[in-house]
Amino acid sequence: MIIPRLALKNLLGAGLRTWLNVVVLSLSFVLIIFLQSLYKGMGDQAKEAKIDIEFAGGQYWHESYDPFDPLTLEDAHGVVPDPIQEKIDKGEATPILVTQATIYPEGRLRTILLKGIYPQQSIVNLPSKFLVQEGEDIPALIGARMAKSAGLKMGDMVTVRWRDAKGTFDARDVQIARVMKTSVGTVDQGQIWIPLEKMRGLMSMENESSLVVVAKNTEDIPTVSGWDFKSLEFLLADIEYLVRTKTTGGSIMYIFLLLLAMLAIFNTQVLSIFRRRKEMGTMMALGFTRSKIIQLFTLEGAMHSVLAAIVAAIYGIPFLVWFSKTGWALPEGTDDFGFGLGEKLFPVYSVGLVVGTIVLVLLVTTIVSFLPTRKIAKLKPTDALRGKMS
Amino acid sequence: MENSFLIKTQDLVKTYPMGHTKIFALNGVNLNFRPGEFAGLVGPSGSGKTTFLNIVGSLDSPTSGSAVVMGKKIEDLSHKQAAWLRNQNIGFIFQTFNLLPVYTVYENVEFTLLLLKMSAEERKDKVMQALEWVKLADRAKSKPAQLSGGQSQRVAVARAIVKEPSIILADEPTANLDAENSFNILDTMEELNRELGTTFIFATHDEKVIKYLRRKITLVDGKVAKDEALEQKKVKGGNQ
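Since the structure is predicted, the reported quantities are computational estimates derived from the model, not experimental observations.

Asker: What exactly am I supposed to notice about the packing of helix α5 (residues 149-161) of chain B against helix α6 (residues 179-196) of chain B here?
Answerer: Between two packed helices, both the angle of their axes relative to each other and the distance between the axes serve to describe the pair. Residues and elements named next belong to chain B. Running from N to C, α5 and α6 point in directions that differ by 15°, and their axes come no closer than 9 Å. The angle between α5 and α6 falls in the class roughly parallel. Two packed elements cross with a definite hand, and for α5 against α6 that hand is right-handed. Each of Gly-150, Gln-153, Arg-154, Val-157 and Ile-161 in α5 lies in contact with α6, whose residues at this interface are Asn-181, Ile-185, Met-189, Leu-192 and Leu-196.

Asker: I tried to follow the sheet that holds strand β4 (residues 64-69) of chain B on my own but got confused; where do I start?
Answerer: Where strands meet in a sheet, backbone hydrogen bonds hold them as pairs that are either parallel or antiparallel. Residues and elements named next belong to chain B. Across the sheet, four strands lie side by side as β2-β1-β4-β5; this open sheet has antiparallel pairing. Whereas interior strands pair on both sides, the edge strands pair on one side only; in this sheet they are β2 (21-33) and β5 (72-73). Pairing between β4 and β5: two bridges, direction antiparallel. Bridge assignment links Val-69 to a residue of β5, and that residue is Lys-72.

Asker: Help me understand the nonpolar core in this model?
Answerer: Nonpolar side chains tend toward joint burial in soluble globular proteins. Formed by 50 residues in total, the largest nonpolar core has its most connected members in A:Leu25, A:Ile293 and B:Phe111. Within the residue set of this core, elements represented by two or more residues are α1 (2-13), α2 (16-55), α7 (237-275), α8 (277-285), α9 (290-326) and α10 (351-373) of chain A. Setting aside chain neighbours within four positions, we find B:Phe111 in contact with A:Leu6, A:Met283, A:Leu286, A:Phe288, B:Leu100 and B:Tyr103. In this structure, B:Met118, B:Leu147, B:Leu192 and B:Val209 belong to the second largest nonpolar core, which totals 40 residues.

Asker: Which parts of the structure should I look at to understand the interface of chain A and chain B?
Answerer: Frequently, the measure chosen for interface size is the accessible area removed from exposure when the parts meet. The interface is formed by 21 residues belonging to chain A together with 25 residues belonging to chain B. Together chain A and chain B conceal approximately 2300 Å² of surface at their shared face, both sides included; 65% is due to carbon and sulfur atoms. Linking chain A with chain B are two salt bridges, by the criterion used here. With a closest N to O distance of 2.9 Å, B:Glu110 and A:Arg5 form a salt bridge. Put simply, chain A and chain B have eight residue pairs in polar contact (both at pLDDT 80 or more) between them. Among the secondary structure elements, those contributing two or more residues to the side of chain A that touches chain B are α1, α8, α9 and α11 (381-385) of chain A. In terms of residue class, the side of chain A that touches chain B is built from nine nonpolar, six polar and six charged.

Asker: Help me understand the sheet that holds strand β9 (residues 215-220) of chain B in this model?
Answerer: Residue and element names in this part refer to chain B. In spatial order, the strands read β6-β7-β8-β3-β9-β10; together these six strands make up an open sheet with mixed pairing. Edge positions in the sheet fall to β6 (90-93) and β10 (223-229), since each of these pairs with one other strand and no more. Mean inter-strand twist for the sheet, computed between neighbouring axes without regard to direction, equals 15°. Summarising the sheet, strand β3 (residues 38-42) and strand β8 (residues 199-204) pair through five bridges and their orientation is parallel. Looking across to β8, one finds that Leu-41 is bridged to Ala-203.

Asker: In this structure, what is going on with the packing of α7(A) against α10(A)? I would like to understand it.
Answerer: All names here are of chain A. The contact between α7 and α10 brings their axes to 9 Å, and the two run at 30°. What the angle tells us is that α7 and α10 run roughly parallel. Taken as a pair, α7 and α10 cross one another with a handedness that is right-handed. Seen from α7, the contacting residues are Leu-258, Met-262, Ile-265, Phe-266, Gln-269, Val-270 and Ile-273; seen from α10, they are Leu-360, Val-361, Val-364, Thr-365, Val-368, Ser-369, Leu-371, Pro-372 and Thr-373. In terms of residue class, the contact of α7 with α10 is made up of 12 nonpolar, four polar and no charged.

Asker: Hey, could you run me through the packing of aromatic side chains in this one?
Answerer: For any pair of aromatic rings, the description rests on two quantities: the centre-to-centre distance and the angle between the ring planes. By the definition in use, this model includes 16 aromatic pairs over all chains. Here the aromatic rings of A:Trp61 and A:Phe234 are separated by 5.7 Å at their centres, their planes lie at 80°, and the arrangement is edge-to-face. Residue A:Trp61 is located in strand β1 (residues 59-62), and its partner A:Phe234 is located in helix α6 (residues 232-235); the two are separated by 173 residues in the primary sequence. The buried category is assigned to A:Trp61, whose relative accessible area is 9%. One aromatic cluster in this structure is built from A:Phe34, A:Phe319, A:Trp322 and A:Phe323. Lying across the ring of B:Phe33, B:Arg215 places its NZ or CZ 4.6 Å from the centre.

Asker: Sorry, what's going on with unusual backbone geometry here?
Answerer: The general pattern is negative phi for most residues beyond glycine and trans for most peptide bonds. One non-glycine residue with positive phi stands out, namely A:Asn217, at about 60°. Among the secondary structure elements, A:Asn217 is positioned in the loop between β10 (211-214) and β11 (227-230). Exposure remark for A:Asn217: the relative accessible area of 72% places this residue in the exposed category. Phi is positive for B:Glu164, close to 50°, though the residue is something other than glycine.

Asker: I keep staring at the domain arrangement of chain A and nothing clicks. Help me out?
Answerer: Partitioning chain A into structural domains gives domain 1 (2-52 + 239-385) and domain 2 (59-230). For domain 1 of chain A and domain 2 of chain A, the distance between their C-alpha centroids amounts to 50 Å.

Asker: For this particular structure, what's the right way to read a nonpolar patch on the surface?
Answerer: Taken together, the side chains of A:Val23, A:Leu27, A:Val306, A:Ile310, A:Ile314, A:Tyr315 and A:Leu362 present a nonpolar region at the surface, about 600 Å² in accessible area. Mapped by element, the contributors of at least two residues to the nonpolar patch are α2 and α9 of chain A.

Asker: What is the right way to read empty space enclosed by the protein from this model?
Answerer: Over the atoms, a rolling probe the size of a water molecule traces out where space has been left empty. Residues and elements named next belong to chain B. This structure, assessed with the given rule, holds one cavity of 30 Å³ or more. Considered as a void within the structure, the largest cavity measures approximately 40 Å³ in volume. Every residue lining the largest cavity is listed: Trp-133, Lys-135, Thr-188, Glu-191, Leu-192 and Glu-195. For the lining of the largest cavity, the element with the most residues is α6, which contributes four residues. For the lining of the largest cavity, the per-class residue count stands at two nonpolar, one polar and three charged.

What counts, and where the lines are drawn
Residues numbered from 1 in each chain as written. Chains lettered and ligands numbered in written order. Predicted model: local features only at pLDDT ≥ 70, side-chain atom pairs only at ≥ 80, totals over all residues. Heavy atoms only, no water. Axes fitted to C-alpha atoms, helices over the stretch in contact; angles between N-to-C directions. Helix = DSSP H or I, 4+ residues; strand = E, 2+ residues; numbered from the N terminus. Parallel < 35°, antiparallel > 145°, perpendicular 65-115°, else oblique. Left-handed = near helix turned anticlockwise from the far one by under 90°. Contact = heavy atoms within 4.5 Å. Pairing = 2+ DSSP bridges. Core = buried A, V, L, I, M, F, W, Y, C linked by side-chain atoms within 4.5 Å. Buried < 20%, exposed > 50% of the residue type's maximum accessible area, 1.4 Å probe, protein only. Buried area = accessible area lost by both parts, 1.4 Å probe. Salt bridge = Lys/Arg side-chain N within 4 Å of Asp/Glu carboxyl O. Polar contact = N/O pair within 3.5 Å; in protein donor to acceptor, adjacent residues only side chain to side chain. Nonpolar A, V, L, I, M, F, W, Y, C, P; charged D, E, K, R; others polar. Phe/Tyr/Trp six-rings, centres within 6.5 Å; stacked < 30°, edge-to-face > 60°. Lys NZ or Arg CZ within 6 Å of the ring centre and 35° of its normal. Domains from an automatic or database assignment. Patch = residues over 30% accessible without salt bridge, like charges linked within 9 Å, V, L, I, M, F, W, Y side chains within 5 Å. Areas by Shrake-Rupley, 256 points an atom, 1.4 Å probe, with all protein chains shown as cover. 1 Å grid on protein atoms, 1.4 Å probe; cavity = no way out; pocket = protein on both sides within 12 Å on 5 of 7 lines; lining within 4 Å. Points joined across faces, edges and corners; volume = space filled by probe spheres on them.

Now the structure itself:
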């Protein structure tokens, strides 16, 4: 415990120089944790929204279904097999039928995805209850993005044209029963939801669907021929990738800040070793070995990060806690981020993030502190006592 | 009889390169010191006084010849062994005091004990005792910057003596002190020599120090020119 005690004493004894370094380093701490927690919050929020509104516990896809290939959508449907139908009957899954269609809002042609869903389902958090057909008109549910881009609003009628199972074109008017506000663009943009049974009837696709969404936390996932189960891991891979990409981009800012702090510590170390040669010589004369002196100086540098962690905790914890409660009101246009975030972004702090940041900064600071001390390894006591570098 | 020598040097040579030539800082020095000596190396600048102290203090190694300190051959010691020898057996007093600026007087004196396996209680006793010896117990909490030159050197003496080493090497200990402080310091060191039996070896050309010596070794051009026992000419306080 001698070396840490001496290192702390020396560090505190250096006064303002130490505190300047500590403040800059503590800013790095807070900023790293803040930015990372925002990205983590962003990822978590986007994933939660996707799970809640679109994926639930995973999806069975018809073997031909590929959401990224609109040209094959018309053939990507089939009769729901018994094992999956049993789950639907038990309320543990809900089928969705997807096909390509065309609408003509205000006389303009627009290609859309027409999706059929049970109005009474509760597997995904879509306001499908508004699809309960009360009159002759087919009720339709659209998202706010779709409404904006197509110029549609609640109560509007719009003509939808599709090709049925036999390849015959057919068209009907649907009435916009609800414009839903959702953070998940993939259930909104370019899509119109109508009651599943109605859609099946219109398209001559009795008991058919393109995908089946299973309830959250469903453990029993039977293997069914002709249908592939897509786990959440698979379904959320894109978001994971996007968040990773954005996190990497966001890291640049704190890497710069960390670099500045490290430069300051490196500079302090170099200066310290240059100015304190006589002190080193004295320590050697008193029986310190060179390795002990290297340890002492390295620890002095590394302790900047320990002090910085304490300082960061003093002002950072209240700030981060406050921020986690109030969140960050997102400006308009954040849909362009590539995933839904909602109106506010809430940071998510994890033990791993905080401990990881502390370890990262401590490690980098220790390395930066150690590098200049290598000169001491060649220092002769007699030269040091004369204030010379060997 | 030979075994009773605390320090024994034989044909001690130390050279430094200067361009294509070699400078002989020490050139065949044969000197022996017994426990309890109060001896001084005197001579003009460049005569090899400090080099001799550095070698017997295991801060440096000889170019050739041999220096045996407390039974250890300096030339054979590794860096760690040399550090251990200094820590256990040798105290240093420097011309410029060399106190560690961020530590208090107490901590400066304690510093040398930190590497010895000693309890905090034991350390405290020893530090306070050393500060009592040099009459600075009341300044234990002061920083070096708050001390006068004489007080600083007394702290350095306390730091050298606190571990009760066998040998104290003092390189021009009075060079930065006025006469009164010089005599105070020398009185203290002589007292410690008498009471603890510590061997003091000085490198000096200060007449005030020479008056205290019981053995004077004159070095000229790295060679022993004269090695004489002295009758003490001073009385306490430096008055003749």
